[in-house]
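Inside the fold
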Amino acid sequence: MLQLLTFLVEKLSLLSKFRIFESSWTEAEDEDLQRHAHRCPPPALRRGDLLEVPRTLFTHYGIYLGDNRVAHLIPDILPVFTSDQKLISSVITNKRLILGCMYRCATVRVDTLEDFAYGSSILVNRTDKMMKNQAFANEDVAKRAEKLIGGIQYSLLWNNCEHFVTYCRYGSAVSRQTEKFCECLKSIIRDQRSVIVTSLLGLISIISFGMAPATTLPTILIPFTLWMAG
Ligand SMILES: *[C@@H]1O[C@H](CO)[C@@H](O)[C@H](O)[C@H]1NC(C)=O
């Protein structure tokens, strides 16, 4: 019994982590307004540097091209609805980003440093230490990035902004963000107890509340996650 209790507490703390994840969705709106508020001055940058900024749901990456311009791969829903280049080239808000992510539409585009940073301070070349491969010469990195500018199909897990920059700078497209996410997913799936507990909890809630959102939500979330992973 005690064992079961500690196990439940463990699982609840895991759930609360997900709740932090959810709350960042609602904060996305305020962030749009605040993004010009406080920003650290960017460090001295060189063409070909790998830039990194924390964004609402993940870390965003880009390649500096010089003259205050950054090439980055970013999901965007707008090109699906319009071909108005002026509209499309405006700053990508979180709503456009999230919808683009779900619709799997992304572009490699060039933005100003400010638009790329989206209100956060920029980290430079941080991945160099973590990668097996040596970085290319900065000029080559920038040229590789420039060759890829244009629309591509976006898959959250297999072709994201981190793959883009690692391909440009180190020659192999990898994403530690995705690897971490997959590891986390795998460990949850592998844990047989999760299956038992979630199905038990589901059963109990169906018995006591009927078809409440809590019971119907997983049936939507699971196929959705699989679809995003594809
Ligand atoms: C980033 O790395 C390159 C070498 O790969 C170096 O020339 C450049 O100065 C670095 N930039 C910063 C801001 O550290």
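All values reported here derive from a predicted model rather than from experimental measurement.

The backbone phi angle of aspartate 67 is positive, close to 50°, even though this residue is not glycine. One can find aspartate 67 in the loop between strand 2 (59–66) and strand 3 (69–75). For aspartate 67, a relative accessible area of 70% corresponds to the exposed category. Of note, tyrosine 118 is a non-glycine position whose phi angle comes to about 55°, a positive value. Within the secondary structure, tyrosine 118 is located in the loop between helix 5 (113–117) and strand 5 (123–124).

This brings us to the UniProt feature "active site" (unreviewed entry) in the protein. Under the present numbering, the feature "active site" (unreviewed entry) in UniProt falls on Cys161. Mapped onto the elements, cysteine 161 comes out in helix 7 (residues 161–170). Excluding its chain neighbours within four sequence positions, the residues that come into contact with cysteine 161 are Phe58, Thr59, His60, Tyr61, Leu73 and Tyr154.

Summarising burial for helix 7: 9 of the 10 residues are buried, a large majority. Those residues of helix 7 that sit buried are Cys161, Glu162, His163, Phe164, Val165, Thr166, Cys168, Arg169 and Tyr170. In this structure asparagine 160 caps helix 7, since a side-chain oxygen of it lies 2.9 Å from the backbone nitrogen of glutamate 162. Remark: glycine 171 follows helix 7 within two positions and exhibits a positive phi of approximately 90°.

What follows concerns the pattern of salt bridges. Applying the stated criterion across every chain yields a total of 8 salt bridges. Arginine 109 is the salt-bridge partner of aspartate 111, the closest N and O atoms lying 2.7 Å from each other. On the basis of relative accessibility, which here comes to 8%, the residue aspartate 111 falls in the buried class. Relative accessible area serves as the criterion here: at 9%, arginine 109 is assigned to the buried category. Three or more residues are tied together by salt bridges with common partners; here these are Arg47, Glu139, Lys143 and Glu146.

Our focus in this paragraph is the site of the ligand. The environment of the ligand is made up of Ala44, Arg46, Asp49, Val124, Asn125, Asn138 and Arg169. Take asparagine 125: an N or O atom from its side chain is 2.2 Å from an oxygen atom of the ligand. Asparagine 138 places a side-chain nitrogen or oxygen 3.4 Å from an oxygen atom of the ligand. Grouping the amino acids of the shell around the ligand by side-chain chemistry returns 2 nonpolar, 2 polar and 3 charged.

Moving on: a nonpolar patch on the surface. On the surface, Val80, Phe81 and Tyr103 cluster together into a nonpolar patch covering about 360 Å² of accessible area. Relative to the helices and strands, phenylalanine 81 is located in helix 2 (residues 78–81). The exposure class assigned to phenylalanine 81 is exposed, which follows from its relative accessible area of 66%.

The next thing to look at is the pairing of strand 1 (residues 50–54). Counting buried residues along strand 1, 4 of its 5 residues qualify, which places the element largely inside the surrounding structure. Sheet topology note: the strand 1/strand 2 ladder contains 5 bridges and is antiparallel. Its bridge partner being in strand 2, leucine 51 is matched across the sheet by glycine 62.

So, how was this worked out
Residues numbered from 1 in each chain as written. Predicted model: local features only at pLDDT ≥ 70, side-chain atom pairs only at ≥ 80, totals over all residues. Heavy atoms only, no water. Helix = DSSP H or I, 4+ residues; strand = E, 2+ residues; numbered from the N terminus. Buried < 20%, exposed > 50% of the residue type's maximum accessible area, 1.4 Å probe, protein only. UniProt positions renumbered as here; feature names shortened; annotations may be inferred. Contact = heavy atoms within 4.5 Å. Polar contact = N/O pair within 3.5 Å; in protein donor to acceptor, adjacent residues only side chain to side chain. Salt bridge = Lys/Arg side-chain N within 4 Å of Asp/Glu carboxyl O. Near = heavy atom within 4 Å. Nonpolar A, V, L, I, M, F, W, Y, C, P; charged D, E, K, R; others polar. Patch = residues over 30% accessible without salt bridge, like charges linked within 9 Å, V, L, I, M, F, W, Y side chains within 5 Å. Areas by Shrake-Rupley, 256 points an atom, 1.4 Å probe, with all protein chains shown as cover. Pairing = 2+ DSSP bridges.

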